[in-house]
Structure formats: C-alpha cells, structure tokens
Amino acid sequence: MTLSISDRPDGRLAVRASPGTDEDFARFRSLIRSVPGRRWERDEKVWVIPFLPETLERLWKAFPESRSAVRPARFPRVEIPPVQSQDSFQPDPPTPTLPTTATLSFRERPVGRLTLVLDSPTADAVARLRSLAPSLPGSLWHEDEQTWSIPRDKATVLRLRSAFPRVPAPTAVPSVSRAVAVVPAPPSDLRASYLEALQVRHYSPRTQQAYVTWFDRFAAFVAPRLLVHATETDINAFLTRLAVDDEVAASTQNQALAALLFLYRQVLGRPVGDLGNVIRSKKPRRLPVVLNRDELRDVLVHLTGTNLLLAKILYGTGLRIIECLSLRVQDLDFERHQVTVHGGKGDKDRVTMLPASLAPLLKDHLTRVRALHLSDLAEGWGRVELPGSLADKYPSAATDWTWQWVFPQDHRWTNPSTLQQGRHHMDESILQRAVHQAVLRSGITKRVSCHTFRHSFATQLLENGYDIRTVQELLGHSDLKTTMIYTHVLNKGPGGVRSPADGL
C-alpha cells in the first residue's frame, strides 16, 4: 500500500491511499486519525492534513514504500542537492548547461504575491528552481496551476536572480514599497474549514459569529501574506494593536486570542509557542448594578403585558434574558415549582425555582399561546425549530405542544428555501427597549438593563441569608469567584462600617 501526498492551495496536504490489504487500511486509518487538524474531503475522497514535516515523516515511516511516490513540491526528492540557508547563500556560478533561452520571469497575482514562470526550461533549470523554491520564505505551491508563488519581497527576488545570474532583472516585479489597494480575502476553503470546526465542536451560534469575525480581521492584518504563514510574532502584534490602538476591553482581547488559538490548534494543527510580551488590556473590577425592592416596583409599574411577565420571571428566577426567551413549554414544572434551563451559557443545563406568585400568570399566558398554536396548525403551519438533529429523529415533534416556545413572536416567519412558515421566540431587543423606557419613566438614575434583574435576584438572596453555594447553583456559575461579586451587599467591609459623621 502506498500513499500519494500532494499540495493544496490552502497550504495543507492531500493524502490518498492506493489499494492495499485490510490490515494496511486499518493501520492507515489509525495513523491518519491521530493527526491533529485532519479532515475528510467527501467530494475528493482524500484526507486533508496540516502542512507539518513531522507528520509526513510519520506517514513515510509507517509506509516506507510511499517515499518513491509523488511527494509535495515543498519537499524535494532526496536526489536533489539541498539548498544552503539564506544567510550563507552564495550565487551559483554561470554554467554552460543553462542556455540563455531558459529565463525566469515573474507574474503578479491578485493577492499581492508573484508567480514564478520558467520559460524554455531545461532539466538543470527545473532542478535548480525546484531545489531553491521550497527554502524561500513564504513560498507556496499551487497544485491547480502547477506553479510556485512567493511574497512580493525584494530580498526574495534578488535571491532568485542570484540563483539564475543570466536572467535579466524582471520588469514585472513591482516596488517593495508599493501599497496594496485591495486587502485580499482569506481562502474560502480555510474559512469554511474554520467554521466547520466550530460547528463540529458545538460552539454556540454567537460564538461562531464572533470567532469568524476575528478570523477575518486577523487575515486582513497579516495580508498580503496567507494565514498559514503567520507566526507567533503576528499574533503578538495583532493583540497588542487591539489593546494600544483600538483600546478594546480585556474580555474582547481574550476573545480574539481564543479565536486565533482555535484556528492554529484545531484547524491548522500547529502549536502556538510563546507569544512574548503581549500588551494586555487592563481588566477593570466592576460591581453589579442592583435595584432595591422599591426601585423594582417603580420599574415594573411601567411595564405591561408580556414584557411585564418576562421582567418578573427574570427577577424571580435569575435567568439570563436569552435563557428566559428560549424556554419551551416542557421546561416549566408547575407542580414542583421548577424551571429547567437547557443549553444555557457554556451549553449547561440547570434547574431554578418557579415563583409561586407567577404560576397563575404563566398558566394564563400559556392558554393564549396554545390557542395561537392551534390556529397555526389549522392553517397548516405550527412548526418550531428543534435543537440538533431531533427534527430528523422525531419528524412530528416540531408540531408537538410541549416543544413550543413559551414566548413566541407575534408574526410567523417564512423559510425562503422550503417556504414553510413557523414562529421563533421573541427577539430580545423587544424586552430591552421596553425595560429601557420603563427605567426612564420611573426616574431611576442607575444604568439598568435586563441583566440587572438577575443581579438583584442574587443580591437579595444573599441578603436573606441563603448559602452562596445555593446561589451559585441557581445562577449556573462554574466558578464560585463569579458569585462572590454579590457579597458586597453583606454587612462587611464599607457597608458594615459606621461613619464618624453619624456620631456628631
């Protein structure tokens, strides 16, 4: 059994296995699945692996007969003499075997690179270029064009001219100081692989959107070079620019770093080394905004209808706004006074209390929602989106009452591909605007948002003497340190000190 390894335009390698015994295929599958960052291309019927020399050595060691097969252009054959390093590189003297008709020219590419074109090539000229090209910084082999490309760099061009002294100065090489007017977009297949890796690992849609945004910004930062050629120095410079020039928050900078680490570790299969002295954004210590009971009443009195019920649920259960809006009918347990949160922050489930005072209001609300659902069914619709692949496993579950949203939107949406109509849950901006207007009418000068109800829930539970571990479980915090921020309300520290002015 032999392996055929070839280059891909995205800088990765395509591995094909020739027919062999079952034992060979089992050994090949076991080996290829141990390679980090590999993926199976269903259309091409090949395995795609990152460009790492140690990975190729493992494959060739397991299948030594593959050394005589076609190798990637970046790995010249053994019989080709090695090329000296760039520091000790000396121009080859002119040899009579290289005719004057063999010339090396340059063609500009749309991504700010140069394509090497060898006109009237001879065996000696091909061997010379094949030996030199893999050692050039940022060189890339394009399998579809069967050509090499290099960065638009003056030192690289001079090195090629030294290897081909009889070649006149190329007139098509632009000046190094020439500005690139259009920032090239990252390779579509690499971007698709990045998004696919996020989806396979079940990252939330919002995290996928944020990570892809950082992918695009980093690709524009390192342009005109490709992402596969970026180093730890580029990551360091990108993160430092975010802190110094853009003045982003510490959490934003950490999110950008996490997105880049995911790209290199999970997609490209390259370990990221020391990032050096990255300038970090200072992480501030903020206390949560909390409303007392009188202030809560002043805000709630200016809310009506579904918005009032949602605000009471946020305050009475400590749910996040998206967790509250994503509730389904089966998540409410009126007998045990419990609310089950499925797929909360961090894709975790938890259980919190259902206030007894809200049970009648919720039941009346569900009566109206069920009538709306029955009306949709009578018109031939009434389907909701199900998590994961449950729609394929249970085709009729999408119309089941237990899977319906507790807070559906007012109008049906239409799927443009299937023309099916259905209802999603309420958009969070509707409640956010209503709470903002209620705060303005109440005259409260605090910076109140929907998340303030969650802060008030946790703070008042601690004021009532409940254990902080219990509050941690109700809020769904992974770390107790996150819950400890609410202990500022206890009679300790500044809150427990009597001012000397009160004794006058």
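Anything mentioned here points back to the structure above.
Described in the following lines is the structure provided in the data block. (Residues numbered from 1 in each chain as written. Predicted model: local features only at pLDDT ≥ 70, side-chain atom pairs only at ≥ 80, totals over all residues. Heavy atoms only, no water.)

### Points about the packing of helix H9 (residues 293-300) against helix H15 (residues 451-463)
Relative to each other, H9 and H15 sit at 150°, their axes nearing to 12 Å. The orientation of H9 with respect to H15, classified from their angle, is roughly antiparallel. Pair H9 / H15 crosses with left-handed handedness. Residue-level inspection shows Arg293, Leu296, Val299 and Leu300 of H9 in contact with H15, the latter providing Phe453, Ser456, Gln460 and Glu463. A breakdown of the residues in the contact of H9 with H15 according to their chemical character gives four nonpolar, two polar and two charged. (Axes fitted to C-alpha atoms, helices over the stretch in contact; angles between N-to-C directions. Helix = DSSP H or I, 4+ residues; strand = E, 2+ residues; numbered from the N terminus. Parallel < 35°, antiparallel > 145°, perpendicular 65-115°, else oblique. Left-handed = near helix turned anticlockwise from the far one by under 90°. Contact = heavy atoms within 4.5 Å. Nonpolar A, V, L, I, M, F, W, Y, C, P; charged D, E, K, R; others polar.)

### Some thoughts on the packing of H9 against helix H10 (residues 305-317)
The axes of two packed helices give the description: the angle between them and the distance between them. Where H9 meets H10, the closest approach of the two axes is 11 Å, and the angle between their N-to-C directions is 160°. Our classification of the angle between H9 and H10 gives roughly antiparallel. In the packing of H9 onto H10, the handedness of the crossing is right-handed. In this structure, H9 contributes Arg293, Leu296 and Leu300 to the contact, and H10 contributes Leu308, Ala311, Lys312 and Tyr315. Of the residues in the contact of H9 with H10, the class split is five nonpolar, no polar and two charged.

### Digging into the pattern of salt bridges
Evaluated as defined, the whole model comprises 10 salt bridges. A salt bridge links Asp216 to Arg191; the nearest nitrogen and oxygen atoms lie 2.8 Å apart. With a gap of 25 residues between them, Asp216 in helix H6 (residues 205-222) and Arg191 in helix H5 (residues 188-200) connect regions that are remote in the sequence. On the basis of relative accessible area, Arg191 is assigned to the partly exposed category, the value being 33%. Here the salt bridges do not stand alone but share partners, grouping Asp376, Glu379, Arg412 and Arg423 into one network. (Salt bridge = Lys/Arg side-chain N within 4 Å of Asp/Glu carboxyl O. Buried < 20%, exposed > 50% of the residue type's maximum accessible area, 1.4 Å probe, protein only.)

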